[in-house]
Every structure is written in C-alpha cells, then in structure tokens.
Amino acid sequence: MVNIVIEKEDFYQAIRLSLKNDQDSLRLFLAKLIKKYGKSDQDFGEKINSLLSDSKVTRSSSLRKVSTNIINEIEDTLDTPPGLELINVKSCPQPIFDDRIALTLKNVILERNKAPLLNEKGLTPTKSCIFVGDPGVGKSMSALWIAKQLNLPLYRIDLALIISSLLGKSGVNLKEVFAFAKKSPCVLFLDEIDAIGKSRSDSSDVGELKRLVTVALQEIDNWPATGLLLAATNHPELIDRALWRRFDIVIQFEKPKQKALETILEEFSGEDLPLIKKWHPVFSILFEDKSYNDIQRSINFFRKGMLLNPSTELDLIQTLISQNFDLSHKNSRISIALNLLKVNILSQHQISKITGVSRDTLRKHLKQESALRGDTK
C-alpha cells in the first residue's frame, strides 16, 4: 500500500464533524476523501468506500459506482479550500421572529428572486447583510433558512481554519475562500465576523489581524451580485467601522417579545402541546428576555421529563425556575412568587415550595397590593 499523508485540515474536519454528530455531513466529507486520497491508493479508497456503503452513503462498494447524487456533491466540494464548509439546509425550519425581522428577511429573499426585474430599472438586489444580536437569537438559523428559500448552496467560513500563525497566511486563506465562493451563485456565511473584522484602532491587536481586516474589506467590496454574503456578530462594538459600511443591510436581532412568545412556545411544544399548554402562562414569565435557544432548551427539558416521569411535573417547573431566575435574593424570589400567583395555576403552597417564599409573606404582599389598588380607585 502507498503511504498516504492525510492533510491536517482534513483530519481536523473529520474530528469536528464526528464530535458534532453530524452524520450526513460526515459521510459526505468522507466520501469526498475517497475521491481525494483514492487517486493515489485505490485500495485504500475502496476500503473506506465499503464502510460508507454499509451506512448507505454509496450504492456500491466500487469506487466508480458511487451514488450520482453524492458524486455531484463531492465534485462541488472537492476543491473547497480549507476553512470553507458546505452546510446542509434541506431540513432547516422557518425561524420564528417578530414582524420587523421577518419582513426584512422576506424582502431580501424577494429582491434576490426578482433580480432581473430590479436590473431592468438599474437597481441591484441586496447582496450583503450583517446580523447583529446576542447568542441564540436566530442569526445562524436565518442564514440557513435564506439559503434554503433561494435554493442556493450555503458555505460557512470556519475561522478556526482561516486564521493562521504564519505571517500573511490568514489573508491568503481568506482570499482563497472568497475566490471559491465567487465561482458560482451561493450564500456565503461569515459567522462571528468580529474575529476577522476587529477595529484596526485596537492597539492590542497584532499586525496580522489588521491586515486581515483590509483583505476582508477588499473581498466584500468585490463580492458579486450573483451571490449573497451574510455575516453575523455578537460583538458589534469590536468591528471596524469601515466594515459596517460595506454591508447593504444591518439587521438587529432581539430576544423574542411577549407578543411572539405564545407562537414560539407552541412551535417548540410540538405534539406535546396539549400537555404543556396549561403551563404557558408560567413559561411566559420564565422566558421573558430569554433567547430562542434558551426557550427551546427549557421546553425540551420539560417535555423529556414529563415523558419519562409525569409525576415530577412540579419538580420540573421548580428546576426551570431555578435555571432561569436568580433565587439567591429575597426580593427576586418574592417578585417571581407574586407573578406565579397572578397566573392562577399553582396554589400558594406550591409556589411557596418552589420559590422558598413563605405563605405568610405571600399573603402580606397580596394585602399590600390589594390596598394599593384600593387607594387608586
């Protein structure tokens, strides 16, 4: 057998996909490696191919008879430079947003789909957007959903592979990524763009990262209208001001408001909606100012707990309260307890047990609130 040297980027990518448990992407990536390394050692390639066949990645143990669909995807990504990852968007659901964000995203998609009409009038559809917001508010999900709606491949830049310790290498890597993405229409997603777009006035930064910002500015300027460039950041204050001006649209993502919370809860409850619906008033209190990811994580925790042991319902609610609120301060506990009383689902005894606020304290505050309401009448 010929000695084969596995490139470290391929080794890194295989480990990363394995740890993410992204089976579809991992199988596609391994099939790509068959084509890449099988050229120098066909026995090696066919051994790997036979393993993939067992996982239904290919339809035959023969390297020459790999499934047509897989081959097409492999050929598309065979020359993909390190740091660029093809993302599967087929199963991406439509994100749930407030009307403002939903309308903005729909307009971007409409412009792209109606590009010929705009071009006739001398107008150019939006070709770049930057998403700003806290983690878990739907920035990455929006990139996937837009690519799915436009029926375009989505490539995500893996900054861990772009930034190199070698002088000047990071800029070269970034140029290669953009050059590949410009070859055909696609959506290119620069997640955590602040990692390569830090303000050049930051005195703590090394020259290499400042040069990388300059490369990023040039590449965004030269981005073609045939593709859509999306970026996201949790730290807008770190980004170079010149970089902001390169994007056609800045979209500020926010945590869900109470108006949208009912829809979100129903979406995340799935087939367990009848079981969970009675707790929606409590969840509305728990999830105020929480991100979409936080809400989904909590709902999934509750659903799994109820499925495995329905008798622990109150214990699950207590756990969610402790996870979402700081119960170390008395005033915070009282505030939560009074809000739980208002939704009229739990008894005073249950609320006292969950929050640690005594029933006497609850009654005292209820009398005070009643007296205040009486004074205002």
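Residues numbered from 1 in each chain as written. Predicted model: local features only at pLDDT ≥ 70, side-chain atom pairs only at ≥ 80, totals over all residues. Heavy atoms only, no water.

Thoughts on the sheet that holds strand E3 (residues 154–157)
- The mixed open sheet is built from 6 strands, whose spatial order is E1-E3-E4-E5-E2-E6. The two strands at the open ends of the sheet, each matched to only one other strand, are strand E1 (84–87) and strand E6 (249–252). If you compare each strand with its neighbour and ignore which way they point, the axes differ by 25° on average.
- Of the pairings in the sheet, the one linking E3 to strand E4 (residues 187–190) comprises 3 bridges and is parallel in character. What sits directly across from Leu154, in E4, is Val187. (Pairing = 2+ DSSP bridges. Helix = DSSP H or I, 4+ residues; strand = E, 2+ residues; numbered from the N terminus. Axes fitted to C-alpha atoms, helices over the stretch in contact; angles between N-to-C directions.)

Here we look at the packing of aromatic side chains
- Counted according to the given criterion, the structure contains 7 aromatic pairs.
- Taken together, a centroid distance of 5.5 Å and an interplanar angle of 85° make the contact between Tyr155 and Phe180 edge-to-face. Of this pair, Tyr155 sits in strand E3 while Phe180 sits in helix H9 (residues 169–181), and the two are 25 residues apart along the sequence.
- On the accessibility criterion, Tyr155 (7% relative accessible area) is buried.
- Its relative accessible area of 12% is what places Phe180 among the buried residues.
- Relative to Phe302, the ring of Phe283 lies with its centre 5.5 Å away and its plane at 80°, an arrangement referred to as edge-to-face. (Phe/Tyr/Trp six-rings, centres within 6.5 Å; stacked < 30°, edge-to-face > 60°. Buried < 20%, exposed > 50% of the residue type's maximum accessible area, 1.4 Å probe, protein only.)

Concerning the packing of helix H15 (residues 292–308) against helix H16 (residues 313–324)
- For the pair H15 and H16, interaxial distance at closest approach is 10 Å and the crossing angle is 160°. The angle between H15 and H16 places the two elements in the roughly antiparallel class. When you trace H15 past H16, the crossing you get is right-handed. Of the residues in H16, those in contact with Ser298, Phe301, Phe302, Gly305 and Met306 of H15 are Glu313, Leu316, Ile317, Thr319, Leu320 and Asn324.
- The residue inventory of the contact of H15 with H16, partitioned by class, reads 6 nonpolar, 4 polar and 1 charged. (Parallel < 35°, antiparallel > 145°, perpendicular 65-115°, else oblique. Left-handed = near helix turned anticlockwise from the far one by under 90°. Contact = heavy atoms within 4.5 Å. Nonpolar A, V, L, I, M, F, W, Y, C, P; charged D, E, K, R; others polar.)

Here we look at the environment of Phe301
- Locating Phe301 in the fold gives a position in helix H15.
- The spatial distance from the C-alpha of Phe301 to the C-alpha of Thr319 is 9.8 Å, given a sequence separation of 18 residues.
- In contact with Phe301, not counting residues within four places along its chain, are Leu316, Thr319 and Leu320.

Comments concerning the nonpolar core
- Core analysis: the biggest nonpolar cluster contains 58 residues, and Phe131, Ile146, Leu230, Phe283 and Phe302 have the highest contact counts within it.
- Counting residues per element, this core draws most heavily on helix H17 (residues 330–342), at 6 residues.
- With near-sequence residues (within four places) excluded, Ile146 lies in contact with Leu105, Ile109, Phe131, Leu228 and Leu230.
- Ranked by size, the runner-up nonpolar core spans 29 residues in total, among them Ile130, Ile162, Phe178 and Cys186. (Core = buried A, V, L, I, M, F, W, Y, C linked by side-chain atoms within 4.5 Å.)

Focus on H15
- Taking 1.5 Å of rise per residue, the 17 residues of H15 would be expected to cover 24 Å, and the 24 Å separating its terminal C-alpha atoms lies within 8% of that figure.
- Along H15, the residues classified as buried are Tyr292, Ile295, Ser298, Ile299, Phe302, Gly305 and Met306. (Expected span 1.5 Å × (residues − 1).)

Comments concerning helix H18 (residues 348–355)
- Taken together, the buried positions of H18 are Ile351, Ser352, Ile354 and Thr355. End-on view of H18: buried residues confined to an arc of 165°, all on one side of the axis.
- Following H18 by one or two positions, Gly356 has its phi on the positive side, about 80°. (Arc of directions from axis to C-beta.)

Some words on the pairing of strand E5 (residues 228–233)
- Counting buried positions over the 6 residues of E5 gives 6, a clear majority of the element.
- On E5, burial covers both faces: Leu228, Leu230 and Ala232 on one face and Leu229, Ala231 and Thr233 on the other are all buried.
- Taken together, the 5 bridges between strand E2 (residues 128–132) and E5 define a ladder with parallel strand orientation. Looking at the pairing, Phe131 lines up with Ala232 of E5.
- In terms of strand pairing, E4 meets E5 through 4 bridges, oriented parallel.

Focus: the confidence of the model for the protein chain
- Residues with a pLDDT of 70 or more make up 76% of the protein chain, whose mean pLDDT is 79.
- Ignoring residues within four places in sequence, the model shows residues 56–78, a span with pLDDT below 50, making 42 contacts including any to other chains. (pLDDT = per-residue confidence, 0-100.)

Looking at a nonpolar patch on the surface
- Residues Phe11, Ile15 and Leu19 make up a contiguous nonpolar surface patch of roughly 350 Å² in combined accessible area.
- If you trace the backbone, Phe11 turns up in helix H1 (residues 8–20).
- Taking relative accessible area as the criterion, Phe11 reaches 53% and is therefore assigned exposed. (Patch = residues over 30% accessible without salt bridge, like charges linked within 9 Å, V, L, I, M, F, W, Y side chains within 5 Å. Areas by Shrake-Rupley, 256 points an atom, 1.4 Å probe, with all protein chains shown as cover. Salt bridge = Lys/Arg side-chain N within 4 Å of Asp/Glu carboxyl O.)

Examining the pattern of salt bridges
- As enumerated under the stated definition, the model contains 8 salt bridges in all.
- Across the salt bridge formed by Glu313 and Lys278, the nearest N and O atoms sit 3.4 Å from each other. Here the residue Glu313 occupies a position in helix H16, and Lys278 occupies one in the loop between helix H13 (273–276) and helix H14 (280–286), the gap between them amounting to 35 residues.
- Residue classification places Lys278 among the partly exposed positions, given a relative accessible area of 45%.

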